[in-house]
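# Coordinates in review
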Amino acid sequence: HVRQLYALVSETLRYSPVLEKLLAGAALLRAEKKLPPQLAKVLVYDLLFGKGLKCGGRWKALARRHRARLEAELARLKVQQKVSRNEDLLAPARAASPGASQVPRYVRVNTLKTCVDDVIDFFKRQGYSYLGKAASVEELRALSGKKFLLDLHLPELLVFPPQTDFHDSLLYTSGHIILQDKASCLPAFLLGPAAGSHVIDACAAPGNKTSHLAAILKNKGQIFAFDVDTKRLATMNTMLTRAGVTGFQLAQQDFLTVNPGDPKYSKVTHILLDPSCSGSGMVNRVPREEAAPSAERLQALAGFQRKVLSHALSFPALRRLVYSTCSLHREENEDVVRAVLQERGSAFRCAGLGGGGTQRRVLRGSVLTLVPRHRLVNAFPSWPCRGLAAFPGAESCLRASPADTLTHGFFVAVLERHGEGAAAPSSLPAAAEENPQHGEGTKAGAAPKKKRRKKQRVK
């Protein structure tokens, strides 16, 4: 049962410091060398603090063998800390990540299976009150109870109060809705490939962004999705199938080993690049303890990110690329973009000739002008948080944070090829380049207009 599993994991994490003391005091891991530490925490939590061990097999028998010793250690810990209740063993400051309590529950409507209007109607029949389209972030912040809004920026995103749980909802289990943070929806939305495009999702798992791309493409075109982890790809395949995604190819392959000259990718015009990062922007709805990444770790990540971004820009038919991270660190964000643009600016090609490089030479009278082939796009000018002033033009990048945008911490940069050889621009509606889009013309409080072509109706 998803909800019970979620509760068990959340509570185990909440009691993690206490469980570590109990495991050490009872010497359980020394006695049971094959028992994984994280599994040991779950077993001991359920045995001493939960509803009792519901599992069967050898793990249940193992935990029960040590029950007397663990209970004695728990009693000793209570005496030592002069408390009588289990809850009193928790440190008062133990809490979820800063901002977790204020980030709403975002629900992306999967337009491959349904439409916004039908999902709104479904939730209204479930007792929720629809308040229309939000006019400001403050309206999202004020949500409470069983009320929800249409997001003010993204057209297929519904917003519910924080901690709203839809993991057991029929819409979620059937793939009609995707539980995805608003900031995580930005990369595919800003990439905006036209239906029929060939797109690469370079670091694809777990697949939410891939399914979003498929919805934007209307399942017309081709998505090449790469990841190095077999299990993550298997999970992703299940998720994409449930979401009704077709026209995709999954490959267990490091994107850096993909040959841009392979004829298979000769029509790839759009790339979504969301590489491994420190994850420092992730807001956690359950408590955790995690040290800030060291300077060495950040430099190693940034080195990889520069390499993979430069590689992505080398695909010959590329028109538009989105680079994103869920990191707050400038080293992984603005500094990476600046370094790659500078690096690729060191090579040139002459107008009318083939070859590599990111700039072309243009003779205007007696003056030689260098025109970069890749440039930052000032996408979504109305988005409130911009890139740090690390280099001229960095304000074209987007940032997100729990405090300012009520989302996870995020960074997005949009790069576009222009000049000679550049193809038509993205299919992204002009409003996303100038103003919040899609919802334009829809008054606050009004439901979005009915689509002519009805998707599978949610009952």
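Parameters and conventions
- The residue numbers shown here count from 1 along each chain, following its written sequence.
- Predicted model: local features are reported for residues with pLDDT of at least 70 only, side-chain atom pairs are reported and counted for 80 or more only, and whole-chain, interface and lining totals are derived from all residues.
- Remark: hydrogens and water are excluded; side-chain values derive from all non-hydrogen atoms of the structure.
- UniProt positions are given in the numbering used here, feature names are shortened, and annotations may be inferred rather than shown by experiment.
- Only Phe, Tyr and Trp rings are paired, with Trp represented by its six-membered ring, and only when their centres lie within 6.5 Å; those with planes under 30 degrees apart are stacked, over 60 edge-to-face, the remainder tilted.
- With a 1.4 Å probe rolled over the protein chains alone, any residue whose accessible area is under 20% of its type maximum counts as buried; one over 50% counts as exposed, and the rest are partly exposed.
- The helix and strand labels rest on DSSP assignments: H or I over at least four residues marks a helix, E over at least two residues marks a strand, and numbering proceeds from the N terminus.
- Throughout this description, the term salt bridge denotes a Lys or Arg side-chain nitrogen within 4 Å of a carboxyl oxygen of Asp or Glu.
- Between the N-to-C directions of two axes lies an angle of 0 to 180 degrees, each axis being a line fitted to C-alpha atoms and, for a helix, fitted only over the stretch in contact.
- Should an angle fall under 35 degrees it is taken as roughly parallel, and over 145 as roughly antiparallel, whereas 65 to 115 is taken as roughly perpendicular and any remaining angle as oblique.
- It only takes one pair of heavy atoms within 4.5 Å for two residues to be counted as in contact.
- Residues are sorted three ways: Asp, Glu, Lys and Arg are charged, Ala, Val, Leu, Ile, Met, Phe, Trp, Tyr, Cys and Pro are nonpolar, and all the rest, Gly among them, are polar.

An unreviewed UniProt entry lists the chain under the name Putative 28S rRNA (Cytosine-C(5))-methyltransferase, with Eudyptes sclateri given as the organism. UniProt's Sequence similarities (unreviewed entry) comment on the chain is quoted here verbatim: "Belongs to the class I-like SAM-binding methyltransferase superfamily. RsmB/NOP family."

In this structure the tally under the stated criterion is 22 aromatic pairs. Ring geometry for Phe160 against Phe166: centres 4.8 Å apart, planes inclined by 75°, an arrangement best described as edge-to-face. Judged by its relative accessible area of 0%, Phe160 is buried. With a relative accessible area of 4%, Phe166 lands in the buried category. Ring centres 5.7 Å apart and planes at 5° place the aromatic pair Phe255 and Phe315 in the stacked group. A residue pair is termed long-range when its members are at least 10 positions apart, and Phe255 in the loop between strand 8 (248-252) and strand 9 (268-273) and Phe315 in the loop between helix 13 (295-312) and strand 10 (320-325) qualify at 60 residues.

A few words on the pattern of salt bridges. Side-chain pairs of opposite charge can arise where the charged atoms are in close proximity. Using the criterion set out here, one finds 14 salt bridges in the structure. One salt bridge connects Arg65 with Glu32, and the closest N-O pair in it is separated by 3.2 Å. Taken together, the positions of Arg65 in helix 5 (residues 57-65) and Glu32 in the loop between helix 3 (28-31) and helix 4 (37-48) put the pair 33 residues apart, joining distant regions of the chain. Of the residues examined, Arg65 reaches a relative accessible area of 56% and is grouped as exposed.

Look at helix 4 against helix 6 (residues 67-81): their axes get within 11 Å of each other, and the N-to-C directions meet at 75°. With respect to each other, helix 4 and helix 6 are oriented roughly perpendicular. Between helix 4 and helix 6, the contacting residues are Val44, Leu47 and Leu48 on the first element and Arg67, Leu70, Glu71 and Leu74 on the second. Residue composition of the contact of helix 4 with helix 6, grouped by class: five nonpolar, no polar and two charged.

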